[in-house]
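# Fold and geometry: a report
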Amino acid sequence: THHPTIDWEEVPELLEKVSLNPSNSHPISQLAVKLTFMTFLRSGALTRLEWKMIDWEKKLITIDGSTSGLKRRKGKNDDKPHHVPITPQMEKILLRAKRFNQGEKYVFPPLKKSRFDHLDPSAPNNFLRTLGYEGKLVAHGWRSVALTNGIDLLKTPREVIKKQMGHLPDNKVDKAYDQSLMLEERRTFLNKWCELLVANGLEI
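Just so it is clear, the model here is predicted, and its values are computed rather than measured.

## What about the pairing of strand β2 (residues 60-63)?
Side-chain positions along a regular strand alternate between the two faces of the sheet. Sheet analysis places strand β1 (residues 54-55) next to β2, joined by two bridges and oriented antiparallel. Among the inter-strand pairings, Ile-54 is bridged to a residue of β2, identified as Ile-61. Hairpin connection between β1 and β2: a loop of four residues separates the two successive antiparallel strands, and Lys-59 in this loop has a positive phi of roughly 55 degrees. Pairing between β2 and strand β3 (residues 82-85): four bridges, direction antiparallel. Among the inter-strand pairings, Thr-62 is bridged to a residue of β3, identified as His-83.

Spelled out as structure tokens, the structure:
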């Protein structure tokens, strides 16, 4: 089944609601959703981001391939990390999250006692639900927004966006030979993507 998603015409209203946070959700949840919109990481991977994964000098997040949420197969391709170039907007979100840090290793700590020692992966969806998007949009559905409009609005090649989504080569030849990361192309795309979100109402 397809994850609930929205059309681009609905995005500005969503970004305004996320920025205003009318439900008065915890700032950590709000920051997590903003970073989700910028990176379109799956919630499982986003909530497991660790401070040690961030290279502030290189402006790059390197997520270990074994991290839950990357959808790598154990023993098959979980040796391949996922890279997220850090845009100026992402850096501001990360620095704000750091203000809530009390020595935890995770960027997004749990909001209450939980079976997780990081933010519950359901938190982004819960935040969207409080904004009135139940049945209309889930965090995973945002990946469709990013891919569709990255192509349509930003004219970014599908291959670049799919690599940024964490997709690995899906045919025998590419699996064997394609080791490309296209980091510069991905950085260019993410810079344009984050600028587009801000232009359409996302407050950083």
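## As for the nonpolar core
Ranked by size, the top nonpolar core spans 52 residues in total, and within it Phe-108 and Trp-193 carry the most contacts. Breaking this core down by element, the ones donating at least two residues are α1 (11-20), α2 (27-39), β2, α4 (88-98), α5 (123-130), α6 (142-152), α7 (158-164) and α9 (183-199). Looking at this core, the element that brings in the most residues is α2, giving seven residues.

## With respect to α4
Along α4, the residues classified as buried are Gln-89, Met-90, Ile-93, Leu-94 and Ala-97. Axial view of α4: buried residues confined to an arc of 135 degrees, hence all on one face. Looking at the buried side of α4, the elements it contacts are α2, β1, β2, β3 and α9.

## Comments concerning the packing of α6 against α9
Closest axis-to-axis distance for the α6/α9 pair is 12 Å, and the angle between their directions is 110 degrees. Classified by the interaxial angle, the pair formed by α6 and α9 is roughly perpendicular. Contact residues: Trp-142, Val-145, Ala-146, Asn-149 and Gly-150 in α6; Phe-189, Trp-193 and Leu-197 in α9. Among the residues forming the contact of α6 with α9, the class breakdown is six nonpolar, two polar and no charged.

## Section: the pattern of salt bridges
For the coordinates displayed, the defined rule picks out three salt bridges. Residue Glu-50 pairs with Lys-52 through a salt bridge whose shortest N-O separation is 3.7 Å. A relative accessible area of 72% means that Lys-52 is categorised as exposed.

## A look at the environment of Ile-54
As for its position among the elements, Ile-54 is in strand β1. Separated by 31 residues in the primary sequence, Ile-54 and Pro-85 place their C-alpha atoms 9.8 Å from one another. Once residues within four sequence positions are removed from consideration, Ile-54 is found in contact with Leu-60, Ile-61, Ile-86, Leu-94 and Val-107.

## Quick word on the sheet that holds β2
The strand order across the open sheet built from three strands is β1-β2-β3, with neighbouring strands paired in antiparallel fashion. Single-partner strands in this sheet number two, and they are β1 and β3.

## Considerations on the packing of aromatic side chains
Applying the stated criterion across every chain, the model contains six aromatic pairs. Ring centres of Phe-40 and Phe-189 lie 6.0 Å apart, and the angle between their planes is 50 degrees; on these two criteria the pair is classed as tilted. Taken as a pair, Phe-40 in the loop between α2 and α3 (43-46) and Phe-189 in helix α9 lie far apart in primary sequence, 149 residues in all. Seen from their ring centres, Phe-189 and Trp-193 are 6.3 Å apart, and the 35 degrees between their planes marks the pair as tilted. One end of the pair, Phe-189, and the other, Trp-193, are both in helix α9, four residues apart, so they sit about a helical turn from each other. For the pair shown, Phe-189 and Trp-193 are each scored as buried.

What counts, and at which threshold
- Residues numbered from 1 in each chain as written.
- Predicted model: local features only at pLDDT ≥ 70, side-chain atom pairs only at ≥ 80, totals over all residues.
- Heavy atoms only, no water.
- Pairing = 2+ DSSP bridges.
- Helix = DSSP H or I, 4+ residues; strand = E, 2+ residues; numbered from the N terminus.
- Core = buried A, V, L, I, M, F, W, Y, C linked by side-chain atoms within 4.5 Å.
- Buried < 20%, exposed > 50% of the residue type's maximum accessible area, 1.4 Å probe, protein only.
- Arc of directions from axis to C-beta.
- Contact = heavy atoms within 4.5 Å.
- Axes fitted to C-alpha atoms, helices over the stretch in contact; angles between N-to-C directions.
- Parallel < 35°, antiparallel > 145°, perpendicular 65-115°, else oblique.
- Nonpolar A, V, L, I, M, F, W, Y, C, P; charged D, E, K, R; others polar.
- Salt bridge = Lys/Arg side-chain N within 4 Å of Asp/Glu carboxyl O.
- Phe/Tyr/Trp six-rings, centres within 6.5 Å; stacked < 30°, edge-to-face > 60°.

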